[in-house]
Amino acid sequence: MRDQTGMGQTNRVSSLMRGLAILRMFEDTGQTVTVSQIARQLGIHRSNASRLAATLCDLGFLSRTDSPGRYRLGPQLPRLARLAGEPDEA
């Protein structure tokens, strides 16, 4: 699979690009993703993928499932979605 993080672009923060790429994986994979899937999709080592997923989990953007190394979308995303749907204040 091709790295879809846009890492070749200048003036970008690679860890942020990777974190957002992880969230976008749910568009294709559905309910859960594994650390192995993350590593393969981003072209990084499993330990790096695990740390990125753990960080997103700590921030509420991912949640751990009962299966080790498997994540689902976290509670922070619906909160952001609600804010995105609110009308702009004048």
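What you see is a predicted model; the values in this text were computed from it and never measured. (Residues numbered from 1 in each chain as written. Predicted model: local features only at pLDDT ≥ 70, side-chain atom pairs only at ≥ 80, totals over all residues. Heavy atoms only, no water.)

**Digging into the sheet that holds strand β2 (residues 62–64)**
Threshold: Each pair of strands is called paired provided DSSP finds at least two bridges between the two strands. Note on conventions: DSSP H or I runs of at least 4 residues are helices, E runs of at least 2 residues are strands, and numbering of each starts at the N terminus. With axes taken as lines fitted to C-alpha atoms, and helix axes fitted only over the stretch in contact, angles between N-to-C directions fall between 0 and 180 degrees. Whether two residues touch is decided by their heavy atoms; if any such pair falls within 4.5 Å, the residues are in contact.
Reading across the sheet, the three strands line up as β1-β3-β2 and stay open at both edges, with antiparallel pairing between neighbours. If you trace the sheet from one side to the other, it starts and ends with β1 (32–34) and β2, each paired once. Ignoring which end each strand starts from, the neighbouring axes of this sheet average 40 degrees apart. Pairing analysis gives three bridges linking β1 to strand β3 (residues 70–73), with the strands arranged antiparallel. Residue pairing for β3: T34 is matched across the bridge by R70. Sitting on the sheet, helix α4 (residues 46–58) is in contact with β2 and β3, with an inclination near 105 degrees to β2.

**Details of the pairing of β3**
Bridge analysis of β2 against β3 gives three bridges, and the strand direction is antiparallel. Each bridged residue has a counterpart across the sheet, and for L62 the counterpart in β3 is L73. As consecutive antiparallel partners, β2 and β3 are separated by five residues, and within that stretch G69 has a phi angle of approximately 75 degrees, a positive value.

**Thoughts on helix α1 (residues 14–24)**
What counts, and what does not: Only protein chains enter the area calculation, which uses a 1.4 Å probe; residues under 20% of their type maximum are buried, those over 50% are exposed, and those in between are partly exposed.
Among the residues of α1, those classed as buried are G19, A21, I22 and L23. Those residues of α1 that are buried lie in contact with α2 (26–29), α3 (35–42), α4, β2, β3 and α5 (76–85).

**Structural notes on the nonpolar core**
As a reminder, the rule being used: Grouping buried Ala, Val, Leu, Ile, Met, Phe, Trp, Tyr and Cys residues that are joined through side-chain atoms within 4.5 Å yields what is termed a nonpolar core.
I22, I38, L42, A49, L62 and Y71 are the most contacted members of the largest nonpolar core, which totals 19 residues. Of all the elements in the fold, those that place two or more residues in this core are α1, α3 and α4. When residues in this core are grouped by element, the largest group, five residues, is from α4. Setting aside its immediate chain neighbours within four residues, A49 contacts V35, I38, A39 and I44.

**Some words on the side chain of S63**
Within the secondary structure layout, S63 lies in strand β2. When near neighbours in sequence (up to four residues on either side) are disregarded, S63 contacts C57, R70, Y71, R72, L73, G74 and P75.

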